[in-house]
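Fold and contact review
Okay, here's what each chain looks like letter by letter:
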Amino acid sequence: MKHLIDPTDLSERELEEIIDLALDIIADRNKYSEACKGKKLATLFYEPSTRTRLSFTAAMMELGGNVLGFSDAKNSSVSKGETCADTTKVINCFADIIAMRHFEEGAATVSAMNSRIPVINAGDGSHSHPTQTLTDLLTIKREIGRIDNLTIGFCGDLKFGRTVHSLIKALSRYKGIKVVLIAPEQLRLPDYMKEEVCDRNGVPYVEVDTMDEVMGELDVLYMTRVQKERFFDEDEYDRVKDFFVLDAEKLKNARPEMRILHPLPRVNEISTDVDADPRAAYFRQVENGKFVRMALILKLLEWANDPTKNTELAPADAVRGKYICRNKRCISNMEVGVESLFRPAHDHTGGYRCVYCESKPKD
Ligand SMILES: [Zn+2]
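Residues numbered from 1 in each chain as written. Predicted model: local features only at pLDDT ≥ 70, side-chain atom pairs only at ≥ 80, totals over all residues.

Observations concerning the environment of A254
- With respect to the helices and strands, the residue A254 is situated in the loop between helix 8 (234–240) and strand 9 (259–261).
- Residues A254 and G123 lie 131 residues apart in sequence; the distance between their C-alpha atoms is 32 Å.
- Residues within four places of A254 in sequence aside, it is in contact with M215, G216, L218 and R279. (Helix = DSSP H or I, 4+ residues; strand = E, 2+ residues; numbered from the N terminus. Contact = placed C-beta atoms within 7 Å.)

Brief notes about the packing of helix 2 (residues 50–62) against helix 9 (residues 282–303)
- For the pair helix 2 and helix 9, interaxial distance at closest approach is 8 Å and the crossing angle is 60 degrees. Put simply, helix 2 runs oblique to helix 9. Both helix 2 and helix 9 take part in a crossing whose hand is right-handed. Seen from helix 2, the contacting residues are S55, F56, A58, A59, M60 and E62; seen from helix 9, they are G289, K290, R293, M294 and I297.
- Taken together, the residues of the contact of helix 2 with helix 9 break down into 6 nonpolar, 2 polar and 3 charged. (Axes fitted to C-alpha atoms, helices over the stretch in contact; angles between N-to-C directions. Parallel < 35°, antiparallel > 145°, perpendicular 65-115°, else oblique. Left-handed = near helix turned anticlockwise from the far one by under 90°. Nonpolar A, V, L, I, M, F, W, Y, C, P; charged D, E, K, R; others polar.)

A look at the environment of A304
- Note on placement: A304 falls in the loop between helix 9 and strand 10 (319–320).
- Taking the number of C-beta atoms within 10 Å as the measure of exposure, A304 has 16 and is therefore partly exposed.
- For A304 and K159, which are 145 residues apart along the polypeptide, the C-alpha to C-alpha distance reads 35 Å.
- Not counting chain neighbours up to four residues away, the residues in contact with A304 comprise M1, K2, I117 and P118. (Buried ≥ 20, exposed ≤ 12 C-beta atoms within 10 Å, placed from the backbone.)

A closer look at unusual backbone geometry
- At the junction of L264 and P265, the peptide bond is cis and its omega measures out at 0 degrees in the coordinates.
- Structurally, the position occupied by P265 is in the loop between strand 9 and helix 9.
- Its identity is not glycine, yet L264 carries a phi of approximately 60 degrees, on the positive side.
- We classify L264 as partly exposed; it has 15 C-beta atoms within 10 Å.

Here we look at the pairing of strand 5 (residues 150–155)
- Direction of pairing for strand 5 relative to strand 6 (residues 177–182): parallel, over a ladder of 6 bridges. Among the inter-strand pairings, L150 is bridged to a residue of strand 6, identified as I177.
- Where strand 5 meets strand 8 (residues 220–223), 4 bridges bridge the pair, whose relative direction is parallel. Note that in strand 8 the partner of F154 across the bridge is Y222. (Pairing = 2+ DSSP bridges.)

As C-alpha cells, this is what we get:
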C-alpha cells in the first residue's frame with residue numbers, strides 16, 4: 001500500500017507523475033470530473049484546519065467523488081478516548097482513502113500502519129505537511145517552468161516552520177538547488193536539517209541576516225510567518241521584525257522573473273502593496289493546492305491496486321521497544337498501544353531517530 005506521510009515517501013519519478021497529472025488536470029478539468037465517481041474520501045481532522053480540509057473536499061468533489069469525516073476531534077469518538085489505530089480501522093469500513101490532520105506527531109504513520117486504504121498526512125503537529133510541499137513544488141513548476149537549477153530564499157521562521165523543512169527536504173533531490181536562509185538568530189534552520197538534509201545531499205546553503213543583501217540573486221522567495229511567541233521578549237521581536245517583512249520597496253532589487261511563495265495565512269510579513277505585483281504567487285499557490293490534491297488522490301487510489309507500490313513505514317533495521325521518544329507531542333508518548341520504534345540516524349552522531357516523529361530518544 002502506498003501512503004503519503006512525508007514528501008520523501010515518494011520517489012522522484014512518482015513525484016513527477018503527480019505533478020504531471022496535476023498539470024493535465026489544469027489543462028482539461030472536464031476530463032477528470034467523474035474520475036472518482038463512487039469513491040469516498042474520509043477527512044479525519046483532529047484539529048481544525050479549515051483551509052486544508054476545504055482544499056481536500058474541493059479536490060474530491062471536482063473528481064466526482066464524495067467526502068465524509070469530522071473537522072474537530074471534539075465531535076468524534078476520539079473524545080471518548082478512541083485511539084488513532086482504532087479510528088483508522090473503523091474508517092476503513094466506510095471510505096476508500098483517508099486524509100488525516102492530527103496534533104500528535106507521527107499520527108499519520110500509526111494510521112497507515114493500521115490501514116488497508118491509502119492514508120494522506122494532512123499535517124501532524126510540527127512534524128510534516130507533505131501536501132503543502134506538493135503544492136509548493138507544483139507552484140514552482142508552473143511559475144518558473146522548472147524545479148531544478150534554482151536559488152531559493154527561505155525567509156522568517158526557519159526553526160519551527162515545518163513547511164520550510166519539508167520543502168528543503170523535497171528540493172534536495174533536484175539538481176542545482178541553492179538555498180539561502182534568511183532568519184533572525186533565534187529562528188535559524190536547525191543543525192540536523194543542515195547536516196541530514198543539506199550536507200548529506202550536497203545542497204549548498206548560506207545564512208544571511210536580511211533579505212536585501214540577497215534579493216537580486218533569488219529565483220524564488222519563500223516567505224513564512226515570524227510568530228511573536230517564539231521570542232524571549234517583545235523588545236527582541238520588535239528589533240528584528242521589520243527585517244523579515246516584504247514590501248514593494250524591498251522588491252525593487254528583485255529579478256522580474258522571481259516568484260514569491262507563502263503557505264498562508266499571512267499576518268504582516270508580506271505587505272499588501274505586494275499583492276498586485278505579478279511576482280506574488282501566493283494566491284495562485286492556494287489553487288495549485290487543490291489541483292495537486294486531486295492528482296494525489298487519483299494516484300494513490302491507482303497505486304492501491306499495484307502490489308509493487310509500497311510505503312516503508314518502519315525500516316527493517318528499526319529497533320523495537322528499546323528507547324523512549326523525547327518528544328512529548330509524539331504519538332508514542334500520547335497513546336497506548338503504540339510501540340516504541342527507532343531507526344538509525346543518517347548523520348555523524350550514530351544515534352537513533354523516532355520512526356513516528358524523527359526526534360532523538362530520551363537519554
Ligand atoms: Zn517520537
